[in-house]
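# Notes for the structure review
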Amino acid sequence: AGPMCDEALYGVVFTVDVEVNQRKLTEYSEGGLASTNFGPLSGQVISACKESLRGAIMTSSPRLVEAYLRCDILTSSTGLAGTYASIGSRQGYVVREDMREGSDIFLIKAFLPLADSFGFVDELRKRSSGISSATLSFSHWRCNEEDPYFVPKTEEEREEHGEISVLKNRSRKLLDGVRKRKGLLVEE
């Protein structure tokens, strides 16, 4: 989440071109200041650089990366409808469905967003009348393509997505949830 959630960045590289004034550098080193300290402004330069890089990321339409769990489900044909309903209600998606030969047992492989997985196994058992069972394990990270800062600007966008007061996409809900848990400012 980086700057959106006030967190550190990983796997990001910035290329900064720096031009050094040789005359000023020589005056600085000859005056003896270079050996005693980095200078009175070194902390301010680092802070300014950090904030400018943070601003650069925020203006480049950042996206959230979301953790996904692998969900292996065993169910019979009678619990299949409840199983698919449980996966769909949690924004999950099915990757594979196999039937074991000689029985009516299905093995379903699906992926669920981690944020939506809490209470999934209980819901799965309720909807399938106790027939389905699931095991969850971490699988991968996936970029959420929705813009958390999307605001409809044109008339067509307003008709399609609704007014700003009603609009809150999945990315925005995730972002607001993280910011609330951290005690950061949340735009209402």
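Here the structure is a predicted model, which is why all the values come from computation and not from measurement.

### Digging into the packing of aromatic side chains
Summed over the entire model, instances satisfying the criterion amount to three aromatic pairs. Between Y68 and Y93 the ring centres are 6.1 Å apart and the planes differ by 55°, which places this aromatic pair in the tilted class. Remark: Y93 occurs in strand β2 (residues 93-99) and Y68 occurs in strand β1 (residues 65-76); sequence separation between them is 25 residues. The exposure class of Y68 is buried, given its relative accessible area of 7%. On the basis of an interplanar angle of 50° and a centroid distance of 5.6 Å, the ring pair of Y93 and F111 is categorised as tilted. Taken together, the residues Y93 in strand β2 and F111 in strand β3 (residues 105-113) connect sequence positions 18 residues apart. Note on F111: relative accessible area 10%, which makes it buried.

### Things to note about the packing of helix α4 (residues 80-89) against helix α5 (residues 120-127)
For the pair α4 and α5, interaxial distance at closest approach is 8 Å and the crossing angle is 145°. Note on packing geometry: the crossing formed by α4 with α5 is right-handed. Residues G82, T83, A85, S86, I87 and S89 of α4 touch α5, and the partners they reach there are F120, E123, L124 and R127. Partitioned by chemical class, the residues of the contact of α4 with α5 number four nonpolar, four polar and two charged.

### Focus on the sheet that holds β3
Judged by pairing direction, the sheet is antiparallel, and its four strands sit side by side in the order β2-β3-β1-β4 without closing on themselves. Both outer strands of the open sheet, β2 and β4 (133-143), are each paired with one neighbouring strand and no more. On average, adjacent strands in this sheet sit at an angle of 20° to one another, irrespective of strand direction. Pairing geometry for β2 and β3, over six bridges, is antiparallel. Directly across from R96, in β3, lies its bridge partner K109.

### So, the nonpolar core
Residues C71, I73, L80, I87, F106, I108, A110, L112, F120, L124 and A134 constitute the largest nonpolar core, which totals 11 residues. For this core, the secondary-structure elements that each account for two or more residues are β1, α4, β3 and α5. Element by element, the count of residues in this core is highest for β3, at four residues. Sequence-distant contacts of L80, that is, excluding residues within four places in its chain, are made with T75, E97, F106 and I108. Ranked by size, the runner-up nonpolar core spans five residues in total, among them M4, C5, L64 and L174.

### What about the environment of V65?
Mapped onto the fold, V65 is located in strand β1. Along the chain, V65 and S171 lie 106 residues apart, while their C-alpha atoms are 9.3 Å from each other. Once you skip the residues sitting within four places of it in the chain, V65 turns out to touch W141, R142 and C143.

### Description of unusual backbone geometry
With a phi angle near 60°, D6 is a residue other than glycine that sits in the positive phi range. Within the fold, D6 resides in the segment before α1 (22-30). Positive phi values are uncommon outside glycine, yet S61 reaches one of about 50°. Mapping S61 onto the fold places it in the loop between α3 (42-58) and β1.

Thresholds, definitions, all that
- Residues numbered from 1 in each chain as written.
- Predicted model: local features only at pLDDT ≥ 70, side-chain atom pairs only at ≥ 80, totals over all residues.
- Heavy atoms only, no water.
- Phe/Tyr/Trp six-rings, centres within 6.5 Å; stacked < 30°, edge-to-face > 60°.
- Helix = DSSP H or I, 4+ residues; strand = E, 2+ residues; numbered from the N terminus.
- Buried < 20%, exposed > 50% of the residue type's maximum accessible area, 1.4 Å probe, protein only.
- Axes fitted to C-alpha atoms, helices over the stretch in contact; angles between N-to-C directions.
- Left-handed = near helix turned anticlockwise from the far one by under 90°.
- Contact = heavy atoms within 4.5 Å.
- Nonpolar A, V, L, I, M, F, W, Y, C, P; charged D, E, K, R; others polar.
- Pairing = 2+ DSSP bridges.
- Core = buried A, V, L, I, M, F, W, Y, C linked by side-chain atoms within 4.5 Å.

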